[in-house]
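This is what each chain is made of:
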Amino acid sequence: MLDTPGMRELQLWDGDESVQLVFEDIETLAGNCFFSDCRHQDEPQCAVREALVAGTIDADRYESYGKLQRELKYLARRRDKLSEIMEKKKWKKLSRLATERAHLKRR
Ligand SMILES: [Zn+2]
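Residues numbered from 1 in each chain as written. Predicted model: local features only at pLDDT ≥ 70, side-chain atom pairs only at ≥ 80, totals over all residues. Heavy atoms only, no water.

Caption draft 1: Inspection of the overall build of the protein at higher detail. A tally of regular secondary structure across the protein gives five helices and zero strands. From first element to last, N terminus to C terminus, the protein shows the α and β order α-α-α-α-α. Burial statistics for the protein: of 107 residues in total, 22% are counted as buried. Here the analysis covers contacts within the protein between residues at least 6 apart in sequence; of these, 48% occur between residues at least 24 apart. (Helix = DSSP H or I, 4+ residues; strand = E, 2+ residues; numbered from the N terminus. Buried < 20%, exposed > 50% of the residue type's maximum accessible area, 1.4 Å probe, protein only. Contact = heavy atoms within 4.5 Å.)

Caption draft 2: Region of interest: the coordination of the zinc ion. The coordination sphere of the zinc ion, as far as protein atoms go, consists of Cys33 (SG), Cys38 (SG), His40 (ND1) and Cys46 (SG), spread over 2.0 to 2.3 Å. Geometry at the zinc ion is tetrahedral, judged from the four donor atoms that bind it and their angles of 103 to 113° at the metal. The sequence pattern describing where the donors of the zinc ion fall on their chain is C-x4-C-x1-H-x5-C. Of the two residues, Cys33 sits in the loop between helix 3 (24-30) and helix 4 (47-54) while Cys46 sits in the loop between helix 3 and helix 4, which places them 13 residues apart along the sequence. Neither Cys33 nor Cys46 differs from the other in exposure class; each is buried. (Donors = N, O, S within 2.8 Å, 3.2 Å for Na, K, Ca; no water. Tetrahedral: all angles 85-135°; square planar, octahedral: opposite > 155°, others 65-115°.)

Caption draft 3: Highlighting unusual backbone geometry. Notably, His40 is not glycine yet its phi reads approximately 60°, a positive angle. One non-glycine residue, Gln45, lies in the positive phi region at around 55°. Looking at where Gln45 falls in the secondary structure, it is placed in the loop between helix 3 and helix 4.

Caption draft 4: View of a nonpolar patch on the surface. A cluster of nonpolar side chains, Trp91, Leu94 and Leu97, forms an exposed patch at the surface whose accessible area comes to about 300 Å². Within the secondary structure layout, Leu97 lies in helix 5 (residues 59-106). By relative accessible area, Leu97 is classed as partly exposed at 36%. (Patch = residues over 30% accessible without salt bridge, like charges linked within 9 Å, V, L, I, M, F, W, Y side chains within 5 Å. Areas by Shrake-Rupley, 256 points an atom, 1.4 Å probe, with all protein chains shown as cover. Salt bridge = Lys/Arg side-chain N within 4 Å of Asp/Glu carboxyl O.)

Caption draft 5: Here's a closer look at the packing of aromatic side chains. If you walk through the whole model with that rule in mind, you get three aromatic pairs. When the centroid spacing of 5.0 Å and the interplanar angle of 85° are considered together, the rings of Phe34 and Phe35 count as edge-to-face. On the accessibility criterion, Phe35 (34% relative accessible area) is partly exposed. Grouped by ring-pair contacts, the aromatic residues Phe23, Tyr62 and Tyr65 constitute a single cluster. (Phe/Tyr/Trp six-rings, centres within 6.5 Å; stacked < 30°, edge-to-face > 60°.)

Caption draft 6: Summary view of the nonpolar core. Of all hydrophobic cores here, the largest spans 12 residues; its members are Phe23, Ile26, Ala30, Cys33, Cys38, Cys46, Ala47, Val48, Ala51, Ile57, Tyr62 and Tyr65. Among the secondary structure elements, those contributing two or more residues to this core are helix 3, helix 4 and helix 5. The greatest single-element share of this core, amounting to three residues, is contributed by helix 4. Apart from the residues lying within four places of it in its own chain, the contact partners of Ala51 are Leu29, Thr56 and Ile57. (Core = buried A, V, L, I, M, F, W, Y, C linked by side-chain atoms within 4.5 Å.)

In short, geometric facts, not functional conclusions.
Written out as structure tokens, the structure is:
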């Protein structure tokens, strides 16, 4: 078995679309927020908070949505880090190959 760090996380990340589907109503509401990067906390004219107050969104449901969002953000950071490392490794290998090739040409 190959050592594949972050594989489980990457697979989890692939589930992002289905998460968005499950919480489609909240996602749609979030699109109505005044600020496009609204965190739905203390921003003015927040459509999500308004819906929570009005009872359009179930508070428990919103909480699990928020939890999931935080988890996905954390995974996204991890994924970025992982691809950054892989990218670095790739370039290291490529530059080494280029050096080797240049070496061969000189001979
Ligand atoms: Zn909001």
